[in-house]
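# Descriptive structure summary
Residues per chain are reported as follows:
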Amino acid sequence: MSMFCFQCEQTVGGKGCTVSGACGKGESTANLQDGLTGKIVALARAAREKGANDVTDALIIDALFMTITNVNFDDVAIQALASRIDSAKASLGASASVSRDVNLDELWHYKDEDIRSLKSLLLFGMRGMAAYAHHAGALGKKSAEVNAFFYKGLSALADELSITDLLDLNMEFGIVNLKCMELLDAANTGTYGTPVPTKVTTNVEKGPFIVVTGHDLHDLAQLLEQTDGKGVNVYTHGEMLPCHAYPALKKHPQLKGNFGTAWQNQQKEFDNLPGAVLFTTNCLMPPKASYKDRIYSTSVVGYPGMVHIPEVNGKKDFSAVISRAIELGGYPEFKKMTGINGGDVLTTGFGHGTVLSVADKVIDAVKAGALKHFFLVGGCDGAKPGRNYYTDFVQKTPKDTVVLTLACGKFRFNDLDLGDIGGLPRIMDMGQCNDSYSAIKVALALADAFKCGVNDLPLTLVLSWYEQKAVCVLLTLLALGIKNIYLGPTLPAFVSSNVLKVLVEKWNVTPISTPEADLKKILG
């Protein structure tokens, strides 16, 4: 066995990648990422003994973020961060017993599969939360409570803990992650305004353009400022679609539309692309030769040979990206493009600010019987067969139901027109994966309005997962006591049979089956 990784939904055989990653990472990259994780466990333990600081905070968040699936394939960048962690740890002067790097192989092959499962769940959840903390930090928002948990959670990976201890720690993490998502929501809306319902085209105008993918609003804002008046259009991609709804971003006229569909289609959709692409975060797939020379990375994203845009004194210079877009020239004529179902208009901007502003209409529609059920259908998309379930499920939902959605899983159906109920569209895009906070806030508000618990609402969560941000969101939902979640397309390889039994017995987490059977079970 040359490597081991089972953190994503596409892991080989549903068990683990042992030769190369299904994501495209090789043996050396996987092992360097494990080494990096072992170093931040040691850094966390050393900092708990001697005291954490802003430097150790940033290093831990960056290292966790860098090891999320489809973020960084660059061995040199991983080694450089590892070296900085070694220096920071040495400067703390902690005792040798706590500052020794942890060998992740000991976790992956731990004798008790339930302990391994719960520690893996915690680690992967922290990787997801680190992405949210990173984005919030870029906008000047930090949380001492969130940062403190990274040290506590990472240290726990090296401790001998019981199953009960680890279950409790995962639930504690879920509540902390809710606060982290709230922090990021405040950072995004405080900086760029409250999202408003916005129609976004999938078509591409002629002329030079840049495609921005990932999740980072701050990077997009800087690019838009630098492309003002340059004759270069900007298109979002994947999880950047919701950016069109933020007032301070949509004011830029060159922010034209959304290019393509979800991340797993990029190798086809970017093939011979006559524009530049900026990756602000995951999901990066190994680029083909036909477009590798026009892909740029920034932040913790990296790939061998790819031009990386660094941050200098809090600013990023995207002139190289802009120049490349101008050089490539874009499409010579208007290019018609659609979503996977043939639609060319997407609607986004239904965050908690918008939905709660019309809460009276929603409540009246429920009381009148016009609106009988809410579905939250969202999460990560992916390439593995079986994800057409989510398209079929949404298409088969009754006309007196509403589908709330978020994250990139929505690209399976967000170009469909399902009509409306009382002036409200039946598909409401609440935003990125971190905007699960919006969905939670809306659910809690509706429960309060109807004077019942969230689990008593006519609400069902039907989730898809792929990478570690989905893990942290799931743990938050469980920590809040939300039950009856349908999860797919397959269950995580890192969840042992006994841990799964707990999830089923305590929270009634249910694997998806078929749209028809699940809808019948949900609606009766």
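Residues numbered from 1 in each chain as written. Predicted model: local features only at pLDDT ≥ 70, side-chain atom pairs only at ≥ 80, totals over all residues. Heavy atoms only, no water.

### Considering the overall build of the chain
- Across its full length, the chain holds 19 helices and 18 strands.
- The C-alpha atoms of the chain give 22 Å as radius of gyration, which agrees with the globular expectation for 524 residues (24 Å, within 12%).
- Burial status across the chain gives 60% buried among its 524 residues.
- Here the chain contributes 50 positive and 54 negative side-chain charges, whose respective centroids are spaced 2 Å apart. (Helix = DSSP H or I, 4+ residues; strand = E, 2+ residues; numbered from the N terminus. Rg over C-alpha atoms; globule rule 2.2 N^0.38 Å. Buried < 20%, exposed > 50% of the residue type's maximum accessible area, 1.4 Å probe, protein only. Lys, Arg positive; Asp, Glu negative; His and termini not counted. Charge placed at Lys NZ, Arg CZ, Asp CG, Glu CD.)

### A short note on helix α15 (residues 388–396)
- Turning to α15, its buried residues are Y389, Y390, T391, F393 and V394.
- Where α15 is buried, its residues meet β11 (373–379), β12 (401–405), β15 (427–429), β16 (459–464), β17 (486–488) and α19 (515–523). (Contact = heavy atoms within 4.5 Å.)

### Side note on helix α8 (residues 163–192)
- Relative to the 44 Å expected for 30 residues at 1.5 Å per residue, α8 spans 43 Å between its end C-alpha atoms, a close match to the ideal helical length.
- Once α8 finishes, G193 follows within two positions and takes phi at roughly 95 degrees, a positive value. (Expected span 1.5 Å × (residues − 1).)

### Side note on the environment of A289
- When you line up the elements, A289 lands in the loop between β5 (276–279) and β6 (295–298).
- A289 sits 17 residues away from N272 along the chain, and the two C-alpha atoms are 8.8 Å apart.

### Notes on the nonpolar core
- Counting residues in hydrophobic clusters, the biggest one holds 164 residues, and the most contacted among them are F150, L154 and F259.
- The element that contributes the greatest number of residues to this core is helix α6 (residues 113–138), accounting for 13 residues.
- When near neighbours in sequence (up to four residues on either side) are disregarded, F150 contacts I60, I61, L64, M126, M129, A130 and A133.
- Membership of the second largest hydrophobic core comes to 14 residues, among which are V377, Y390, V394 and Y486. (Core = buried A, V, L, I, M, F, W, Y, C linked by side-chain atoms within 4.5 Å.)

### Observations concerning the pattern of salt bridges
- Inspection of the entire model under this criterion finds 19 salt bridges.
- A salt bridge links E205 to K256; the shortest N-O distance between them is 3.8 Å. Linking E205 in the loop between β1 (198–201) and β2 (209–213) with K256 in strand β4 (residues 255–258), this pair joins segments that are 51 residues apart in sequence.
- Classification of E205 by relative accessible area gives partly exposed; the value is 35%.
- With its nearest N and O atoms 3.3 Å apart, the salt bridge here joins E327 to R324. (Salt bridge = Lys/Arg side-chain N within 4 Å of Asp/Glu carboxyl O.)

### Here's the deal with the environment of I61
- Its place among the elements puts I61 in helix α2 (residues 54–66).
- When the C-alpha atoms of I61 and L416 are compared, they prove to be 38 Å apart, with 355 residues separating the residues in sequence.
- Ignoring anything within four residues of it in the chain, the contact list for I61 reads A130, A133, H134, N147 and F150.

### A few points about the packing of α6 against helix α18 (residues 497–507)
- Running from N to C, α6 and α18 point in directions that differ by 60 degrees, and their axes come no closer than 8 Å. Between α6 and α18, the crossing angle belongs to the class labelled oblique. Residues E113, D114, S117 and L118 of α6 touch α18, and the partners they reach there are S497, N498 and V499. (Axes fitted to C-alpha atoms, helices over the stretch in contact; angles between N-to-C directions. Parallel < 35°, antiparallel > 145°, perpendicular 65-115°, else oblique.)

### So, the sheet that holds strand β18 (residues 510–511)
- Reading across from one edge, β15-β12-β11-β16-β17-β18 is the order of the six strands in this open sheet, with parallel pairing throughout. Pairing within the sheet leaves two strands with one partner each, and these edge strands are β15 and β18.
- Relative to β17, β16 runs parallel, the two sharing three bridges. Following the sheet pairing, V462 is matched in β17 by Y486.
- Each of β11, β16, β17 and β18 touches α19; the most contacted strand, β11, lies at about 140 degrees to it. (Pairing = 2+ DSSP bridges.)

### Topic: empty space enclosed by the protein
- Across all of its chains, the model carries eight cavities of 30 Å³ or more by this definition.
- What the largest cavity holds in volume is close to 410 Å³.
- Along the wall of the largest cavity there are 38 residues; nearest its centre are S436, L461, L463, V473 and L477.
- Every element with two or more residues in the lining of the largest cavity is listed here: β11, α16 (436–449), β16, α17 (468–479) and α18.
- Around the second largest cavity, the lining residues are T213, G214, H215, H237, G238, E239, W263, N282, C283, C380, C408 and E467.
- Its residues placed into classes, the lining of the second largest cavity shows four nonpolar, six polar and two charged. (1 Å grid on protein atoms, 1.4 Å probe; cavity = no way out; pocket = protein on both sides within 12 Å on 5 of 7 lines; lining within 4 Å. Points joined across faces, edges and corners; volume = space filled by probe spheres on them. Nonpolar A, V, L, I, M, F, W, Y, C, P; charged D, E, K, R; others polar.)

### With respect to the packing of aromatic side chains
- Applying the stated criterion across every chain, the model contains 19 aromatic pairs.
- Ring geometry for F6 and W108: centres 5.7 Å apart, planes at 75 degrees, overall edge-to-face. With a gap of 102 residues between them, F6 in the segment before α1 (27–50) and W108 in helix α5 (residues 104–108) connect regions that are remote in the sequence.
- A connected cluster of aromatic rings, assembled from ring pairs, spans F4, F6, W108, F124, W465 and F494. (Phe/Tyr/Trp six-rings, centres within 6.5 Å; stacked < 30°, edge-to-face > 60°.)

### Considering the side chain of N170
- Along the chain, N170 turns up in helix α8.
- Looking at N170, the relative accessible area reads 1%, which means it is buried.

### Examining the layout of surface pockets
- Computed from the structure, the largest pocket encloses a volume of approximately 890 Å³.
- The wall of the largest pocket is formed by 41 residues, among which D62, H134, S299, V300 and E311 lie closest to the centre.
- For the lining of the largest pocket, the element with the most residues is α2, which contributes eight residues.
- Tallied by class, residues from the lining of the largest pocket come to 18 nonpolar, twelve polar and eleven charged.
- Of the volumes computed, that of the second largest pocket is approximately 320 Å³.
- Lining the second largest pocket are 16 residues, with K199, T347, L416, D417 and P425 positioned closest to its centre.
- Here the residues of the lining of the second largest pocket are counted per class, giving eight nonpolar, three polar and five charged.

Honestly, that's just the spatial picture; any functional story needs more than this.
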